[in-house]
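# Per-entry structural report
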Amino acid sequence: MKMAGQGLSVYVGFLLLIGVSCIGKRLGGWEDVDVEDEHVKNAAGFAVKEMSTRSNGLYHQKLVEIQEARRQVVSGWKFKLMLEVGTTSCKKNEVTFEDVEQCEIDENRL
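Reference entry: report on the structure contained in this document. None of the values given here were measured: they were computed from a predicted structure.

### Describing the overall build of the protein
Check the secondary structure of the protein and you find one helix and five strands. What you see in the protein, going N to C, is helices and strands ordered as β-β-β-α-β-β. Intrachain contacts of the protein at a sequence separation of at least 6 include 70% that bridge at least 24 residues. By element, 50% of the accessible surface of the protein is carried by carbon and sulfur atoms, the whole surface being about 6,800 Å².

### Looking at the pairing of strand β4 (residues 59-73)
The two faces of the sheet receive side chains in turn, since in a regular strand these alternate between them. Sheet topology places strand β3 (residues 30-32) next to β4; three bridges connect them, and they run antiparallel. Its bridge partner lying in β4, aspartate 32 is registered against arginine 70. Where β4 and strand β5 (residues 77-91) come together, twelve bridges link them in antiparallel fashion. What sits directly across from glutamine 61, in β5, is threonine 87. Taking the residues between adjacent antiparallel strands as the criterion, β4 and β5 are bridged by three residues.

### So, the nonpolar core
Residues Val40, Phe79, Leu81 and Leu83 are the most contacted members of the largest nonpolar core, which totals 19 residues. Those elements giving two or more residues to this core turn out to be α1 (38-54), β4 and β5.

### Notes on the pattern of salt bridges
With the rule as written, the count across this model stands at six salt bridges. Across the pair lysine 41 and glutamate 38 runs a salt bridge, and its minimum N-O distance is 4.0 Å. Taken together, the residues lysine 41 and glutamate 38, both in helix α1 and three residues apart, mark about one turn of the helix. According to the relative accessible area criterion, lysine 41 is partly exposed, its value standing at 34%. Salt-bridge contacts for lysine 49 lead to glutamate 98; the nearest nitrogen and oxygen are separated by 2.9 Å. Taken together, the residues span a long stretch of sequence, with lysine 49 in helix α1 and glutamate 98 in the segment after β5 at a distance of 49 residues. What emerges from the salt-bridge pattern is a single network uniting Glu36, Glu38 and Lys41.

### Topic: the state of the cysteines
Within this structure, the stated rule accounts for one disulfide. Each sulfur of the disulfide joining cysteine 90 and cysteine 103 lies 2.0 Å from the other. Handedness here is read from the sign of the S-S torsion; for cysteine 90 and cysteine 103, about -110 degrees, the answer is left-handed. With cysteine 90 in strand β5 and cysteine 103 in the segment after β5, this pair connects stretches of sequence that are 13 residues apart. Residue classification places cysteine 90 among the buried residues on the basis of a relative accessible area of 12%. The exposure class assigned to cysteine 103 is buried, which follows from its relative accessible area of 1%.

Calculation criteria
Residues numbered from 1 in each chain as written. Predicted model: local features only at pLDDT ≥ 70, side-chain atom pairs only at ≥ 80, totals over all residues. Heavy atoms only, no water. Helix = DSSP H or I, 4+ residues; strand = E, 2+ residues; numbered from the N terminus. Contact = heavy atoms within 4.5 Å. Areas by Shrake-Rupley, 256 points an atom, 1.4 Å probe, with all protein chains shown as cover. Pairing = 2+ DSSP bridges. Core = buried A, V, L, I, M, F, W, Y, C linked by side-chain atoms within 4.5 Å. Buried < 20%, exposed > 50% of the residue type's maximum accessible area, 1.4 Å probe, protein only. Salt bridge = Lys/Arg side-chain N within 4 Å of Asp/Glu carboxyl O. Disulfide = S-S within 2.5 Å.

Following this line, the structure appears as structure tokens:
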């Protein structure tokens, strides 16, 4: 992890099992994907929620920006994401993760 801007840049790689047509794709090869792609956004949201839920911190984490996305076609899709993530001012015991969008990034917790 490295400090960047308002949050942390986090390299997240994980397997997202989604049925995918492999016609015209090189099985196993990595390809760049638009950061605005809905599958990329869903994968990034899942990754940040998992990070926030599994961390021992008192405050929620929040996605600031998807900086880069790559996808590998295997039996599903495997994503490599470069994400900027920040710590919010919302405590986990006061706000659910589903409501974290209302929370501001806390500059003092970087």
